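What follows is the residue order along each chain.
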Amino acid sequence: MIESGRLYAYIGTWLPRWKPLSLSSSGISYRPLLATVDYDSQYEISGTSGDDSPTLALDYIDRSIVERNLLRKLDTRVAFLVLVYIMNYMDRTNAAAARLRGYEEDLGMTGNQFNTLTSILYVGYLLTQAPSNMVLHHMKRPSLYLSSCMAIWGVLTMLMGAVQTFHAALILRFFIGFVEAAFFPGAVFLLSRWYKPNELGLRTALLSCGASISNAFGALFASGILGSLDGTLGFTAWRWLFFVEGTLTIVIAVSAGCILPDFPSSPSVWLLPDEQNLAKQRMEEEVASKNEHKNKPQEYYSGLAEAVMDWRVWWVGAALNLMACSMSFGLFFPTLSATMGYNATISLLLCAPPWILGTATSFVVARHSDITGDRFWHAVGPLLVGIAGFVLAISTMNTTIRYISLFLMTQSPVAYVVCLTWVMNTFSQSPSKRAAAIALINSMASAGAIGSSYFWPSSWGPSYVNSYMICILTSVVSIAMLWVFRRHLSRCNEAAEAEEKSLGLPRGLRYLL
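Since the structure is predicted, the reported quantities are computational estimates derived from the model, not experimental observations.

Quick notes on the rules
- Residues numbered from 1 in each chain as written.
- Predicted model: local features only at pLDDT ≥ 70, side-chain atom pairs only at ≥ 80, totals over all residues.
- Heavy atoms only, no water.
- Helix = DSSP H or I, 4+ residues; strand = E, 2+ residues; numbered from the N terminus.
- Buried < 20%, exposed > 50% of the residue type's maximum accessible area, 1.4 Å probe, protein only.
- Contact = heavy atoms within 4.5 Å.
- Patch = residues over 30% accessible without salt bridge, like charges linked within 9 Å, V, L, I, M, F, W, Y side chains within 5 Å.
- Areas by Shrake-Rupley, 256 points an atom, 1.4 Å probe, with all protein chains shown as cover.
- Salt bridge = Lys/Arg side-chain N within 4 Å of Asp/Glu carboxyl O.
- Phe/Tyr/Trp six-rings, centres within 6.5 Å; stacked < 30°, edge-to-face > 60°.
- Core = buried A, V, L, I, M, F, W, Y, C linked by side-chain atoms within 4.5 Å.
- pLDDT = per-residue confidence, 0-100.
- Expected span 1.5 Å × (residues − 1).
- Polar contact = N/O pair within 3.5 Å; in protein donor to acceptor, adjacent residues only side chain to side chain.
- Lys, Arg positive; Asp, Glu negative; His and termini not counted.
- Axes fitted to C-alpha atoms, helices over the stretch in contact; angles between N-to-C directions.
- Left-handed = near helix turned anticlockwise from the far one by under 90°.
- Nonpolar A, V, L, I, M, F, W, Y, C, P; charged D, E, K, R; others polar.

Some thoughts on the overall build of the protein chain
In terms of regular secondary structure, the protein chain is built from 19 helices and four strands. The buried share of the protein chain, taken over its 513 residues, is 54%. Pairs at least 24 residues apart make up 81% of the contacts formed inside the protein chain by residues separated by at least 6 positions.

Right under this line is the structure:
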């Protein structure tokens, strides 16, 4: 009988042993992923050849098996991040649905006041994202931080259903944006701490699809509330929309504190010891391949300072700002759907199919981008399809053609998903700089929504030709800026390759293009 409490296996010459890399002060060494596994006498394995049979502790575990289990568990947790982002985006855009059922009239809005109400939310985003991500980088339990922010914006959303004046709604919208701003850049940074560069594109698409799902099914959800709860307990339909969505957000926030993952360095009860070790090791291997910060001490705000001093952060941020302006149609999608002449309920239902197609496309494009290692063309392609949609919408008021144009427009956000992944790949020298770069670039992109909220005044409807022309212009300029960025990274790669050849160095870091 083999000793109880130890896991043994008969090892033949056919069994490959994998020795993972371990980083040490003396360089790169090899060590087993796990030592002998002790199961505290939960298992007892009997040998068939008697007590004198040769046995050997199973010291080496096939990395591919452990890694597959790790990613499977992690992807399950990340799927819950998508649900959180759906509520994040739904609470951000529910005013557009409420507008179809008397929201403006009940609060006495006139002129561009609704556009101001839409844009004020992004002022809060602009102020909070970068500081929030720097705080998140130094936290041990990001799951509690993100879920707490979610619960707060859920409460504020419920209060939106009780406001009686435009100014009260304006103040609440500002604070909703102030709190919501912590989530998306924080979630993107959290992904970058778990996944390798060639895994990030698909996961970023998975997270970002929450916006498309929210636009699609949020409209269906809103149509159900607006159509069935009007007058219940004396409240109008649009008030119930805020009450129900705010309550649902709070319920999901309570669950998020237990389900969302923390950083790999924090103990996780949902991971086995070998999976936890491999999660840490995967990130160590990524750091080892980037020698810019290898022996440099990291101060609390060093990453923020490095990101601020890097001109590429501002260049990409400006490009994504213009891209966000071109995607401002999403904030007024129910309004654009209503220009086809249907009632409020049908208009909301018609919003769903275009966003469902956009969600499916984002997965295909992001996955292909990961496989090929290309970012630029996978971002430009969706933007060109979106431009085609704007041109179609300008050319006619025919109902069928304009509805087809909505399907083409919803391809544009796919470019933003690819660009976010490109940002994480490019600014990955240190976790601190990555956190700051993600937050700064996303803040600049969010700032685009502040001004672009005024691209769609009611006086330009129902054709909104001027609005679509602005979207075309911002898309073209964004593409040009991304091309300049790609050329810069290409020259950096060429310079690195020439230096390695002249000095006889091994192949090092290369930027994805």
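Quick word on a nonpolar patch on the surface
The grouping of Leu-127, Ile-171, Phe-175 and Phe-178 at the surface amounts to a nonpolar patch, some 380 Å² of accessible area in total. The element that contributes the greatest number of residues to the nonpolar patch is helix H5 (residues 166-180), accounting for three residues. On the secondary structure map, Leu-127 appears in helix H3 (residues 113-137).

Considerations on the packing of aromatic side chains
One pass over the full model with this rule turns up 27 aromatic pairs. Relative to Phe-242, the ring of Trp-238 has its centre 6.0 Å away and its plane inclined at 85°; by these criteria the two rings are edge-to-face. Of the two residues, Trp-238 and Phe-242 both sit in helix H8 (residues 237-259), four residues apart, roughly one turn of that helix. For Trp-238, a relative accessible area of 0% puts it in the buried group. Judged by its relative accessible area of 2%, Phe-242 falls in the buried class. Each ring, one from Phe-329 and one from Phe-390, has its centre 5.9 Å from the other, and the planes form 70°; the classification is edge-to-face. In this pair, Phe-329 sits in the loop between helix H11 (311-326) and helix H12 (333-338) while Phe-390 sits in helix H15 (residues 376-395), placing the two residues 61 residues apart along the sequence. With respect to burial, Phe-329 and Phe-390 carry one shared label: buried.

Some points on the nonpolar core
Ranked by size, the top nonpolar core spans 141 residues in total, and within it Tyr-103, Phe-183, Trp-194, Leu-207, Met-323, Phe-329 and Trp-456 carry the most contacts. Apart from residues no more than four positions distant in its own chain, Trp-456 is found in contact with Asn-115, Ser-328, Phe-329, Phe-332, Leu-336, Tyr-464, Ser-467, Tyr-468 and Cys-471.

Overview of the confidence of the model for the protein chain
This prediction gives the protein chain a mean pLDDT of 81; 85% of its residues lie at or above 70. Every residue in residues 1-60 is under pLDDT 50, and counting partners more than four places away or in other chains gives 83 contacts.

As for helix H18 (residues 431-452)
Compared with the 32 Å implied by 1.5 Å per residue over 22 residues, the 32 Å span of H18 between its first and last C-alpha is a close match. Across the 22 residues that make up H18, a large majority, 19, are buried.

Side note on the side chain of Ser-446
Assignment of secondary structure puts Ser-446 in helix H18. On the basis of relative accessible area, Ser-446 is assigned to the buried category, the value being 10%. Of note is the side chain of Ser-446, whose polar atom sits 3.0 Å from the side chain of Gln-129. Setting aside anything within four residues of it in sequence, one finds Ser-446 in contact with Tyr-122, Tyr-125 and Gln-129.

Here we look at the side chain of Arg-173
Tracing the backbone through its elements, the reader meets Arg-173 in helix H5. The side chain of Arg-173 is buried and forms no salt bridge, while Glu-180, the nearest opposite charge, is found at 7.0 Å. Only 3.1 Å separates the side chain of Arg-173 from the backbone oxygen of Arg-92, close enough to count as a polar contact. Residues contacting Arg-173, with those up to four places away along its chain left out, are Asp-91, Arg-92, Asn-94, Ala-95, Leu-117, Thr-118, Ile-120, Leu-121 and Met-160.

A few points about the pattern of salt bridges
In this structure the tally under the stated criterion is 13 salt bridges. A salt bridge links Arg-312 to Asp-310, with the nearest nitrogen and oxygen atoms 3.0 Å apart. Taken as a pair, Arg-312 and Asp-310 share a single burial class, namely buried. For Glu-497, the salt bridge is made with Lys-501, and the minimal N-O distance between the two is 3.7 Å. With a gap of four residues between them, Glu-497 and Lys-501 both fall in helix H19 (residues 465-503), about one helical turn apart. Overall, Lys-501 belongs to the exposed group, its relative accessible area being 65%. Overlapping salt bridges bring together Arg-63, Glu-67, Glu-199 and Arg-282 as one network.

Some remarks on the packing of helix H14 (residues 352-372) against helix H17 (residues 412-426)
H17 packs onto H14 with a crossing angle of 35° between their chain directions and a minimal axis gap of 9 Å. Considering only the axes of H14 and H17, their crossing is right-handed. Contacts between H14 and H17 involve Trp-355, Gly-358, Thr-361, Ser-362, Val-365 and Ser-369 from the first element and Pro-413, Val-414 and Val-418 from the second. Among the residues making up the contact of H14 with H17, the classes are represented as five nonpolar, four polar and no charged.

Here's the deal with unusual backbone geometry
Backbone torsion omega between Gly-461 and Pro-462 reads 0°, so that peptide bond is classified as cis. The topology assignment puts Pro-462 in the loop between H18 and H19. We note that Leu-233 has phi near 55°; this positive angle belongs to a residue other than glycine. Positive phi values are uncommon outside glycine, yet Tyr-464 reaches one of about 55°. Among the secondary structure elements, Tyr-464 is positioned in the loop between H18 and H19. On the accessibility criterion, Tyr-464 (6% relative accessible area) is buried.

Here we look at the environment of Arg-367
Along the polypeptide, Arg-367 turns up in helix H14. On the basis of relative accessible area, Arg-367 is assigned to the partly exposed category, the value being 39%. Counting along the chain gives 164 residues from Arg-367 to Arg-203, while the straight-line C-alpha distance between them is 9.0 Å.

So, the environment of Ala-436
Topologically, Ala-436 is positioned in helix H18. On the basis of relative accessibility, which here comes to 0%, the residue Ala-436 falls in the buried class. Residues Ala-436 and Gln-129, spaced 307 residues apart in sequence, show a C-alpha to C-alpha distance of 9.0 Å. Apart from residues lying up to four places away in sequence, Ala-436 is in contact with Met-134, Gly-303, Leu-304 and Ala-307.

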